[in-house]
Amino acid sequence: MTKLTNLTIADALTGLSKGDFSAVELTSAHLDAMAAKRSLNAYITETPELALEQAKESDARRAAGRAGALDGIPLGIKDLFATKDVLTTAASHILDGFKPQYESTVSQKLKDAGSVMLGKLNLDEFAMGSSNTTSYHGNVVNPWKSKSDPAKQLVPGGSSGGSGAAVAARIAMGATGTDTGGSIRQPAAFCGVTGIKPTYGRCSRWGIVAFASSLDQAGPMARTVKDCALMLNVMAGHDPKDSTSAPIAVPDFAAALTGDIRGLKVGIPKEYRPDGLSDEVNKVWEQGIEWLKAAGATPVEITLPHTKYALPTYYIVAPAEASSNLARYDGVRFGLRVKGDSLDDMYKKTRAAGFGAEVRRRIMIGTYVLSAGYYDAYYTKAQKVRRLIAEDFKKAFETVDVILTPTAPSAAFGIGDNTDDPVTMWLNDVFTIPTSLAGLPGLSLPAGLSADGLPMGLQLIGRPFDEETVFKVAGVMESAAGFTATPAGVAGNETNAGSARGGV
Amino acid sequence: MSLDRTTVRNIAELARIEVRDDELDHLAGELSGILTFVEQLAEVNTDGIAPMASVADITLPMRQDVINDGGYAEAVLANAPDAVREDEGGFFTVPKVVE
Amino acid sequence: MIIQGETCDWEIVIGLEVHAQVISNSKLFSGAPTEFGGAPNNQVSFVDAGFPGMLPVINEKCVEQAVRTGLGLKAKVNLTSVFARKNYFYADLPQGYQISQYDQPIIGEGTLLIDLDDGSTRPIGIERLHLEQDAGKSIHDQHPSKSFIDLNRSGVALMEIVSKPDMRSPEEAGAYLTKLRTILRYLGTCDGNMQEGSMRCDANVSVRPVGSTELRTRCEIKNVNSIRFVQQAIEYEARRHIDVYESGGDIKQETRLFDSVKGETRSMRSKEHAHDYRYFPDPDLLPLVISQELVDGIKATLPELPDEKKARFMSEYGLNSYDAGVMVAEKDSAEFFEIVAKGRDGKTAANWVMGDFFATMNSKPEYTWANPPVSAENLGRMIDLIKDGTISTRLAKDVFIFMVESGKDPATIVEEKGLKQVTDTGAIEAAIDAVFAANPDKVAEVKAGKDKLMGWFVGQVMKATQGKANPGMLNELIAKKFKE
Ligand SMILES: [Mg+2]
Ligand SMILES: [Zn+2]
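What counts and how
- Residues numbered from 1 in each chain as written.
- Chains lettered and ligands numbered in written order.
- Predicted model: local features only at pLDDT ≥ 70, side-chain atom pairs only at ≥ 80, totals over all residues.
- Heavy atoms only, no water.
- Helix = DSSP H or I, 4+ residues; strand = E, 2+ residues; numbered from the N terminus.
- Contact = heavy atoms within 4.5 Å.
- Areas by Shrake-Rupley, 256 points an atom, 1.4 Å probe, with all protein chains shown as cover.
- Lys, Arg positive; Asp, Glu negative; His and termini not counted.
- Charge placed at Lys NZ, Arg CZ, Asp CG, Glu CD.
- UniProt positions renumbered as here; feature names shortened; annotations may be inferred.
- Salt bridge = Lys/Arg side-chain N within 4 Å of Asp/Glu carboxyl O.
- Buried < 20%, exposed > 50% of the residue type's maximum accessible area, 1.4 Å probe, protein only.
- Donors = N, O, S within 2.8 Å, 3.2 Å for Na, K, Ca; no water.
- Polar contact = N/O pair within 3.5 Å; in protein donor to acceptor, adjacent residues only side chain to side chain.
- Pairing = 2+ DSSP bridges.
- Axes fitted to C-alpha atoms, helices over the stretch in contact; angles between N-to-C directions.
- Buried area = accessible area lost by both parts, 1.4 Å probe.
- Nonpolar A, V, L, I, M, F, W, Y, C, P; charged D, E, K, R; others polar.

Caption draft 1: Spatial organisation of the overall build of chain B. The secondary structure content of chain B amounts to three helices and two strands. Its helices and strands taken in sequence order, chain B reads α-α-β-α-β from the N to the C terminus. In terms of overall dimensions, chain B has C-alpha extents of about 60 × 45 × 25 Å along its principal axes. Long-range contacts, defined as pairs at least 24 residues apart, comprise 24% of the intrachain contacts of chain B with a sequence gap of at least 6. Carbon and sulfur atoms make up 48% of the accessible area of chain B, which amounts to about 5000 Å² in all. Distance between charge centres in chain B, computed from 7 positive and 20 negative side chains, equals 7 Å.

Rendered as structure tokens:
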């Protein structure tokens, strides 16, 4: 029998329902694996007791014939979701000791569906980062090793780096992520897993520590397209507690995986070939286009002329919103307080000690672009360009059904690389940010391996609230890609193992 | 835009983040680099384009005027550093403010 | 009001910003209660306390109340408005920003008619009205080195009503606040209680030489909690500006605090920081769009407002402007008056309400509009008894007192106390004869031309009839008797 930790969620649900194993066994297997892989630093907080208790309850429910959609499935929760009575840090020092007295809507829905929480997953501080190197609780290590330098520690991507690493390393069957500018898709690509940022408004933001409210979206990360669909079925839905939550019914995303994409038009944006794009990534992209053609879809070259401006737009809008969203971390009601002589002194010392360098930098940029005299030149301008970017997509979707792009310009890089200049680091999100600004659904799936043996992802972008088409096309690509490779330590191996049809 | 030390200090003041004098130059350099990067937006023609604050294609939903929240001072104060606990009044505290 | 200075005559320019607490059960963006006076931090949701991940959802009642108030101020209702964040750090501002409205408020320009003491009125422009959250409360006197924070008020809906700088005297400012409070109470959108802080006023004051149209630097006096104090603060501040200008100085724009004990304003230390609120549209809230139908529906339920009521009282009941103004100042007094006056002589009704009734009403704290000393119905019936001659106006004063004491209706009192006036000519003549017989010397004096004594005779006869003689008949009969 396959190791329990190697099962997909879909297969685990079948196994549980057939009684092949219990939720307690499944959870225990994951808890053991977690203990063995602490060096990845994927979890900030492990909750083994809670997990076993939930697993027991799950088995009881199943025995009573009341199993939910994800009953008994052990998941990791990104530590940006408030979880009642469980430490919630946003990977920041400033939330020291914070135990929310409430549960986020998305994690509550997952609980209600019977899933088991293994713990809280590491991330970039306040989800600000693309490499999971800004966490107060330390870097997350990508379980994948480069062939040329197996000793080198690679980044898992970010900000949902803990989620990506945990799913790839088989220490969670699936995980929640959040995506503001690529924080689900880019780590999914770097870790060789699948993740989807649904349409803005599809999942409730209630109870998720806010980074940039007009961009933040929760989504699932798992090892297959179907697993993501199963998780999103549970996570999505209108929430009256979030005024930006869409009052739109949730279809059965898993049912969309028909395998039939004949006649679909797939947009290939010509602007997605910037200078820094690696040849390997470009090759996987070409490969992806071929797979879709072979399945009966038609590639169509499209133009998204304002693509180039997405990054600067994002780096005005997101910090502006963040500077305001993070004002509540002031040492008064929760988290860290550093003593000061006066109220202002206390604020300044607390926030200087509580926020890491990247967060402080973004708060300051955000503060500046909103300040008197600069608001119009920066913030208003960015909002106007944002509309142009959204309109680019709208126009494109008049002729195509889905858009295919690379997820990130390269495969995972080493921890400590790309850190000298913040702007260079931001280029990781060049393909994911436009989608975020336009609020569209975007899915990343592993499509191949680089020469160095590292996974590379492709991104599928859909129309607003048309995750079904995205899933359908992703399902076809997943079959074509045949990505069976696993990172080091999964198949008892010390290095990566297996293969993929895509790549070199 | 190249930011000077005074501007950086003012931003830090507005954001209530303590910045040491010896950090100012480095920070000014970083922030200036970022601003220079984002300023490429100036080349985009946005005449007649309305700013887009949200992609959500709905208007603001409203709730009914019913009381269905609050009444849990203990939970509200549970995480507070240096709070006056409920049995002694139930307050958050801050260093004394002189108005 | 003109203030004579050393160098020239000065005029005061006043604009007022009123924060009026919206009457609603729950807060603007959360389901926590708004009630005044709960245990500290117990009327607080995680939203109000700015916890991570908490999101605002707007209360439709608060929106309706703002529209209602806008309509009451004859103002433009903006069908689309936008909530913005006003960013600043303060101990009782948990989110680090206040959700307010900035360049797109729910209500635009309107007008408020102030009623001045001489009976005249003057229109004062309303600049805007917007919805925003209240902050919590800092308590500074409980601990030597700490301030305590209570967030019960945090998130309560406020309407900030901003006037144009149209007022020229403390009296006009007082009249504006009085009238605004009256309108809010008529509309039921704010209880107008300044002591409890449900209506708070910031005054923007500047001065300029009479005849000039410039707007000089203004100072904002924050959170003054009574109309009288607002007037005192404005007067003090205006004189301070004039002193500064006349001694060659300059006024710097600042926020000041009114010390009601000293009767002075002083610079506010905590507001010394230069502010940069960095307003931007709140990304947690989409634009607020309301329908014209909603506005029309609210319009249809507006009560008759004080200005219209006053005009009607003048035309329908013949009141003068001053009396009508007094009657409509409170919705309850207007309703009371109208019950008394309906179908009767309006002036008589007004005289009784403004005279004996108001005097009694103000004499004891237990008298309220819900528990008046005399019911409007009984006061009306008493006026009927005067009209039909059952009692004289003089007797009515006694009947009124008995009504206050017993709560009985006037007819019963007249019956029980035998207060029916004597209109029987014979009976009055008999009484006159008796007085004449007892005072032949005084009769002679009158007849000799000492007319002044006539009044004495009237009094004596009235006394003999225990005040019940019809005064008109009595005067007539005595005059006749002397001519005999
Ligand atoms: Mg104001
Ligand atoms: Zn205000």
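Still to come is the rest of the account.
Caption draft 2: The UniProt feature "domain: Amidase" (unreviewed entry) in chain A, seen in detail. Annotation from UniProt places "domain: Amidase" (unreviewed entry) at residues 25-470 of chain A. Strand forms 14% of residues 25-470 of chain A and helix 35%; the C-alpha atoms that close the span are 34 Å apart.

Caption draft 3: Layout of the pattern of salt bridges. Within the structure shown, the criterion is met by 61 salt bridges over all chains. In this structure, Asp134 of chain C and Arg200 of chain C form a salt bridge, with 2.9 Å as the shortest nitrogen-oxygen distance. Taken together, the positions of Asp134 of chain C in the loop between β8 (121-133) and β9 (137-139) and Arg200 of chain C in strand β12 (residues 199-209) put the pair 66 residues apart, joining distant regions of the chain. The same class applies to Asp134 of chain C as to Arg200 of chain C, namely buried. By sharing partners, the salt bridges in this structure join Arg205 and Asp242 of chain A together with Arg85, Asp282 and Asp284 of chain C into a single network.

Caption draft 4: Layout of the coordination of the zinc ion (ligand 2). Residues and elements named next belong to chain C. For the zinc ion (ligand 2), the full set of protein donor atoms is His19 (NE2), Glu132 (OE) and Glu160 (OE), at a range of 1.9 to 2.1 Å. All donors to the zinc ion (ligand 2) come from one chain, and their sequence spacing reads H-x112-E-x27-E. Between the zinc ion (ligand 2) and the magnesium ion (ligand 1) the interatomic distance comes to 4.0 Å, and Glu160 is a ligand of both metals. Linking His19 in strand β2 (residues 9-21) with Glu132 in strand β8, this pair joins segments that are 113 residues apart in sequence. Considered together, His19 and Glu132 belong to a single accessibility category, that of buried residues.

Caption draft 5: Up close: the side chain of Thr176 of chain A. Residue and element names in this part refer to chain A. For Thr176, the location among the structural elements is in strand β4 (residues 174-179). At a separation of 3.0 Å, a polar atom in the side chain of Thr176 contacts the main-chain amide nitrogen of Lys78. Once residues within four sequence positions are removed from consideration, Thr176 is found in contact with Gly76, Ile77, Lys78, Phe81, Leu110, Ser163, Gly219, Met231 and Met235.

Caption draft 6: Expanded view of the sheet that holds strand β7 (residues 265-269) of chain A. All names here are of chain A. Read from one edge of the open sheet, eleven strands run β1-β3-β2-β4-β6-β5-β10-β11-β9-β7-β8, paired in mixed fashion. Two strands bound the open sheet, and with one partner strand each, they are β1 (43-46) and β8 (298-302). Within the sheet, the average angular offset between the axes of one strand and its neighbour, ignoring direction, is 30 degrees. In the sheet, strand β10 (residues 442-449) pairs with strand β11 (residues 455-462) via seven bridges, with the strands oriented antiparallel. By the bridge assignment, Ser444 is partnered in β11 with Gln459. Where helix α7 (residues 225-235) meets the sheet, it contacts β2 (74-78), β4, β5 (194-197), β6 (217-222) and β10, and its direction lies at approximately 145 degrees from that of β6. Packing of helix α15 (residues 467-481) onto the sheet brings it into contact with β5, β9 (402-406), β10 and β11, and relative to β10 it is tilted by some 5 degrees.

Caption draft 7: Structural context of the UniProt feature "active site" (unreviewed entry) in chain A. Residues and elements named next belong to chain A. The UniProt entry lists Lys78, Ser159 and Ser183 under the feature "active site" (unreviewed entry), expressed in the numbering used here. A maximum C-alpha distance of 11.2 Å among these annotated residues, which run over 106 residues, shows that they cluster at one spot. Mapped onto the secondary structure, Lys78 falls in strand β2. Overall, Lys78 belongs to the buried group, its relative accessible area being 0%. Filtering out sequence-adjacent residues up to four positions away, Lys78 remains in contact with Lys120, Leu121, Leu123, Ala127, Ser159, Ser160, Ser163, Thr176, Gly177, Thr178 and Ser183. By the element assignment, Ser183 lies in the loop between β4 and α6 (185-191). For Ser183, the residues in contact, after removing those within four places along its chain, are Lys78, Ala127, Gly129, Gly158, Ser159, Ser160 and Thr178.

Caption draft 8: Layout of the interface of chain B and chain A. In this assembly, 49 residues from chain B lie in contact with 64 residues from chain A. Interface area, chain B with chain A, both sides summed: about 4900 Å², of which 71% is carbon and sulfur. On the chain B side of the interface with chain A, the three residues burying the most area are Leu41, Met52 and Asn79 of chain B, jointly 14% of the side's total. At the boundary of chain B with chain A, the tally comes to six salt bridges. For the salt bridge of Lys308 of chain A with Glu43 of chain B, the shortest nitrogen-to-oxygen distance reads 3.2 Å. Our count for the contact surface shared by chain B and chain A stands at 17 residue pairs in polar contact (both at pLDDT 80 or more).

Caption draft 9: Summary view of the interface of chain C and chain A. Across the contact, 30 residues belong to chain C and 38 residues belong to chain A. The interface formed by chain C and chain A contains one salt bridge. Between Asp284 of chain C and Arg205 of chain A there is a salt bridge, with the nearest N and O atoms lying 3.1 Å from each other. At the surface where chain C touches chain A, the tally comes to 18 residue pairs in polar contact (both at pLDDT 80 or more). Of all the elements in the fold, those that place two or more residues in the side of chain C that touches chain A are β5 (83-87) and β16 (280-281) of chain C. The residue makeup of the side of chain C that touches chain A, split by class, is 20 nonpolar, six polar and four charged.

Caption draft 10: The pairing of strand β10 (residues 146-150) of chain C, seen in detail. Across the five residues that make up β10 of chain C, a large majority, four, are buried. The pairing of strand β2 (residues 92-95) of chain B with β10 of chain C spans four bridges and is classified as antiparallel. Within the sheet, the bridge partner assigned to Pro95 of chain B lies in β10 of chain C and is Lys146 of chain C. Here three bridges tie β9 of chain C to β10 of chain C, and the two strands are oriented antiparallel to one another. Paired with Ile139 of chain C across the two strands is Phe148 of chain C, which belongs to β10 of chain C. Between β9 of chain C and the antiparallel strand that follows it, β10 of chain C, lie six residues.

Caption draft 11: Main features of the sheet that holds β5 of chain C. Taking strand neighbours across the sheet as the criterion, the three strands line up as β6-β5-β16 (chain C) in an open arrangement whose pairing is antiparallel. With one partner strand each, in any of the chains shown, β6 (97-101) and β16 of chain C form the two edges of the open sheet. Bridge count between β5 of chain C and β16 of chain C: two bridges; the pairing is antiparallel. Within β16 of chain C, the position partnered with Arg85 of chain C by the bridge is Phe280 of chain C. With respect to the sheet, helix α9 (residues 310-325) of chain A is in contact with β5, β6 and β16 of chain C, its orientation differing from that of β5 of chain C by roughly 65 degrees.

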